[in-house]
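Summary of structural features
Here's the letter readout for the chains.
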Amino acid sequence: MFLQQLVNGITQGSLFALLAISFAIVYGTLRLVNFATGSIYMIGAFFGWMVVKFVIPNLFLAIFAGALAGFVTGFILERFAFRALRGVARIASLICTIGFSWFLNEAMTVLFGAERKSMPSFYSDTAFVLGDVGVSWLQVILVVVAVVVLVSLQILIYRTRIGLAIRAVSLDFKTAGLMGIPIDRVISFTFSLAGAMAGIAGVLASAYYNAIFPYMGNIAGLKSFSAAVFGGLTSIPGAIIGGYLLGLIENFGVQVISAGYRDIIGFVILVIFLLVRPRGLLGRKSG
Amino acid sequence: MQTLPATTPAGRMKDFFFRYRIVTAILLTIFLVALPFLLGNGYYVRIATIVGIYVILVSSLNIIIGFTGMFSLGHAAFYGIGAYTSAMLTVMAGWPFWAALPVAGIVAGIFGALIGLATLRLQAIFLAFTTLGFGEITRIVILNWRSFTRGPLGIAGIPIPTFFGWTFDRNGYYYLVLVLAALTVAIIYRVYHSRIGRAFVAIREDETAARSMGVNVFGYKVLAFTMACVFAGIAGSFFAHFQRFVSADSFANLESFAIITMVALGGTGSIVGPILGALILVVIPEVFRFLARYRGVIYGLILILVIVLKPGGLAGVKGIFEKPKAAKRPRKQRRPKADSSAPGGRI
C-alpha cells in the first residue's frame, strides 16, 4: 500500500511539477499569476486527443501537438491580452487571465460538449514490479517526459542566450530594456514556453487519467498553483519540489481522510504552511 | 460633491442628475415600486428579482475590488454559505426567515473575517489564491459532508417567508429584494463617503502612503472584506428562500466569475456601475435566449474586452483597471514601457 501510494504520488507529482513551473516562469518574469494556465492545460489535452483520434494514435506525437497548442495559446494570450495591459494595475491582467480562462473553457464546451472524452490506452503493460506494485510503461514514460522537459528547461534558462535574456528581464525589466534586450519578444517567448509546459502536462494527464473535458483544467490549475506557491512562486526548483510534494501529500492524505476531500488536502496544508512561512519553501524574501 | 464643471458627456449627465436629485429619486422610486405592474408578466418580475440579488452581490464585491483594490475570486462561496446557513436554519432547525436572514449574513461575515485575518497580511496575490481555493473547498465540503448538508441532493422545501401572516408571492419577493438591494446600496454609499470609505480608497491608491498617513491598512482591509461577505451572505439567504432549493452547483467558481464580470463591466469603484453591470448581464441573456449556450463565452469575452478597451467600465469613473497617471509618458519616450510597479522577480 505504501509503495502504491508512493508510485502514484510520483506520477501525479510530475504533472503538478510541469504545471507549477508554468506558473513559476510567468510569475518570475512578469510578477503575474496566469490563471488561464489550467485552461491551456485543457487546450493541450484536447489537441493531443484530436491528433490521436483523427490523425495517428501515437502518444509522442500527441505530446508534441499538445505542446504546440499550448505554445500558440500562450502566445495569443500574451499578445492580445497582456501587452496592452503592461503598465496598468496588476489586478487588470489578473482578471483578464480569468476572463481568458473562462472564455477557453466555455468555447471548448460549445465546440466539443461538456461530456468526458477518453483517450485510447497507451503503454498500459507493466514495465516492472516494485515490491507487489506493478508500474506501467505509461507511468514510466510520464515521469521520464516530465524529467526531460524539466532538465531541458533548466538548460534553456541557464545555458542559452534566450535564457540569459529571460533571466535579465525577470531581474529587472527596465534595465534589461535599456541594455537592448527586446523585452516584448522575451516576455512573449516566456508566456509561450509556459503555455507549452501546460500543454504537455495536459496531454500526459489525459493519457494517465483517461478523461478529457472542458473543465479538467480548473482543479488541476488550482492544485498546481498551490504547488508553485509551496515552492515560493518564483523559483523553478521550488516549483518542482512543490509539485512532487503535493503529489505525495495528496496520495498519502487520501489514506487518512475520505477520498471526497482529495482535491482540498494540499490546499489546506498550503494555507497553514503559508501562515508560518509566507515566502514558500525556496522563495526569495520580499514584501 | 461636484465642484468642477463636468466636460465629458457622462460628467454632464451626472451633473444633471445631481442638480435634480430629489426629483430623480422620487421618479426612480415610483418606477421601481410600479415595476411589477408595468411588467405584468410574472416571469419578468422573477428576472427583476434576480437582478436585485445580483445588485447586492456585485455592489458588495465592488467594496473589495473597486474601493479597496483587493483580489477576491470566490465571492460566490460566501453567497453559498449564506444560502446554506439560512436553508439549514429554517428547514432543519425550524427558524423563521426573518431570524435566519441576519444570521446568514453574520455567518458569511465570520468566514470572511477568518480568511481576511489569515491572508491579508501577506502579498495581495495570496488573497486571490485563497479565495479561489475557498470557493472550491466550500463546494467540495458541501458535496461531501452528507450528514450535515445532504450532499449532492441539496436542501429542498425551504419555507416561503411570511410577513405578519401574509405569505410572500412573486411581487412580495420583488419588493423584499428591492428593499434589501436599496439598503445595501445606501449603506455602501454612506460608507464610501465616510472616513472608512476614504481609508479604503487610500489603500487602493497607494498602500504605503496610506499607512504613513496613519491608516490601519490591515484593519481596514479586513473590514472591507468582511463587510462585503456579510452582504453576500444576506443575498444568499434571500436566494435560498426565493428559489426554495439550494445545492452546491449554484455557488461554483463560475458564479464568482460572473459577479466579477459584472463589476468590471459596470465600472469598478463606482456606486452606479455595479447596478448597471448586474442589470445588463442578467437581462441580456434572458432577452437573447438563443444565446444561452454561449453565455459563458460571451461573459469571458466581455471581461477581456472591457479590461483591454474600456477599463473604466460603463460608469466611466477612474476604475482600478486604468493606467496610473505616472505611466502616461510623452510619446517620444517609447522605451522602456516597463511597469514601475512590477519590479520583476528571480527565476
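Residues numbered from 1 in each chain as written. Chains lettered and ligands numbered in written order. Predicted model: local features only at pLDDT ≥ 70, side-chain atom pairs only at ≥ 80, totals over all residues.

Time to look at the overall build of chain B. Helices and strands together make up the secondary structure of chain B, namely 14 helices and four strands. Counting over 347 residues, chain B shows a buried share of 46%. When contacts within chain B are restricted to residue pairs at least 6 apart in sequence, long-range pairs at least 24 apart make up 76% of them. (Helix = DSSP H or I, 4+ residues; strand = E, 2+ residues; numbered from the N terminus. Buried ≥ 20, exposed ≤ 12 C-beta atoms within 10 Å, placed from the backbone. Contact = placed C-beta atoms within 7 Å.)

Looking now at the overall build of chain A. Helix and strand counts for chain A stand at 11 helices and two strands. When the helices and strands of chain A are read in sequence order from the N terminus, they spell out α-α-α-α-β-β-α-α-α-α-α-α-α. Projected onto the principal axes, the alpha-carbon positions of chain A cover approximately 60 × 45 × 35 Å. Out of the 287 residues belonging to chain A, those deemed buried represent 55%. Counted over contacts in chain A with a minimum sequence separation of 6, partners at least 24 positions apart contribute 75%.

Our next topic: the confidence of the model for chain B. All names here are of chain B. Overall, the prediction assigns chain B a mean pLDDT of 81, with 88% of residues at 70 or greater. Within chain B, no element has a lower average pLDDT than helix 1 (residues 9–19), which sits at 73, and none a higher one than helix 11 (residues 217–243), at 92. Contacts of residues 325–347 to residues separated by more than four positions or lying in other chains number 43 contacts, the stretch itself having pLDDT below 50. (pLDDT = per-residue confidence, 0-100.)

Moving on, we come to the interface of chain B and chain A. Interfaces are frequently sized by the accessible area removed from exposure as the parts join. Listed as interface residues are 46 residues of chain B and, on the opposing side, 56 residues of chain A. Within the residue set of the side of chain B that touches chain A, elements represented by two or more residues are helix 6 (124–144), helix 12 (253–266) and helix 14 (295–309) of chain B. When residues in the side of chain B that touches chain A are grouped by element, the largest group, 11 residues, is from helix 6 of chain B.

All right, on to the packing of helix 9 (residues 216–231) of chain A against helix 6 of chain B then. The geometry of helix 9 of chain A relative to helix 6 of chain B is characterised by a closest axis approach of 11 Å and an angle of 140° between their N-to-C directions. By the angle class used here, helix 9 of chain A and helix 6 of chain B are oblique. In the crossing of helix 9 of chain A with helix 6 of chain B, the sense of the turn from one axis to the other is left-handed. Counted together, I219(A), L222(A), F225(A) and V229(A) of helix 9 of chain A and F129(B), L132(B), G133(B) and E136(B) of helix 6 of chain B form the full contact between these two elements. Split into classes, the residues belonging to the contact of helix 9 of chain A with helix 6 of chain B amount to six nonpolar, one polar and one charged. (Axes fitted to C-alpha atoms, helices over the stretch in contact; angles between N-to-C directions. Parallel < 35°, antiparallel > 145°, perpendicular 65-115°, else oblique. Left-handed = near helix turned anticlockwise from the far one by under 90°. Nonpolar A, V, L, I, M, F, W, Y, C, P; charged D, E, K, R; others polar.)

This next bit is on the pairing of strand 1 (residues 126–130) of chain A. All names here are of chain A. For strand 1, a buried count of zero out of five residues is recorded, marking the element as mostly open to its surroundings. Where strand 1 meets strand 2 (residues 133–136), four bridges bridge the pair, whose relative direction is antiparallel. Bridged to F128 within strand 2 is V135. Between the end of strand 1 and the start of strand 2, which pair antiparallel, lie two residues, with G131 showing a positive phi angle near 65°. (Pairing = 2+ DSSP bridges.)

Residue and element names in this part refer to chain A. Examined against the element boundaries, S192 turns out to sit in helix 8 (residues 183–209). On the neighbour-count criterion, S192 (20 C-beta atoms within 10 Å) is buried. Not counting residues within four places of it along the chain, the set of residues in contact with S192 comprises F71, G74 and F75.

A separate point is unusual backbone geometry. What is expected of a backbone is that most residues other than glycine have negative phi and most peptide bonds are trans. Phi at N210(A) is positive, roughly 55°, even though this residue is not glycine. Here N210(A) is to be found in the loop between helix 8 and helix 9. Overall, N210(A) belongs to the partly exposed group, with 16 C-beta atoms counted inside 10 Å. Positive phi is not limited to glycine here, since R244(B) has a value of about 65°.

With that settled, the discussion passes to the environment of G154(B). Residues and elements named next belong to chain B. In this structure, G154 sits in the loop between helix 7 (146–149) and strand 1 (155–156). Considered as a pair, G154 and S247 are 93 residues apart in the sequence and their alpha carbons are 4.2 Å apart. Once you skip the residues sitting within four places of it in the chain, G154 turns out to touch F245, V246 and S247.

A few words now on helix 5 (residues 137–159) of chain A. Residues and elements named next belong to chain A. Across its 23 residues, helix 5 extends 32 Å between first and last C-alpha, which sits within 8% of the 33 Å expected from 1.5 Å per residue. For helix 5, the set of buried residues is L138, Q139, L142, A146, V149, L150 and I157. Looking at the buried side of helix 5, the elements it contacts are helix 1 (2–30), strand 2, helix 6 (161–171), helix 8 and helix 10 (236–256). (Expected span 1.5 Å × (residues − 1).)

With that settled, consider helix 1 of chain A. Three or four residues apart is the spacing at which side chains of an α-helix point the same way, because the helix has 3.6 residues per turn. Residues and elements named next belong to chain A. Compared with an ideal rise of 1.5 Å per residue, which puts 29 residues at 42 Å, helix 1 spans 40 Å between its outermost C-alpha atoms and is within 8% of the ideal. Counted residue by residue, helix 1 has 21 buried out of 29 residues, so it is predominantly covered. Phi turns positive one or two residues past the end of helix 1, at R31, with a value near 60°.

What follows deals with the environment of R86(A). On the secondary structure map, R86(A) appears in the loop between helix 3 (59–82) and helix 4 (90–112). Residue class for R86(A) comes out buried when judged on the 21 C-beta atoms lying within 10 Å of it.

Moving on: the packing of helix 3 (residues 42–67) of chain B against helix 11 of chain B. Residue and element names in this part refer to chain B. Packing of helix 3 against helix 11 brings their axes to within 9 Å, and their N-to-C directions diverge by 165°. What the angle tells us is that helix 3 and helix 11 run roughly antiparallel. Of the two elements, helix 3 crosses helix 11, and the hand of that crossing is left-handed. Residues T49, I53, I56, L57, S60, L61, I63, I64 and F67 of helix 3 form the contact with helix 11, whose participating residues are A224, F225, M227, A228, F231, A232, I234, A235, F238, F239 and F242.

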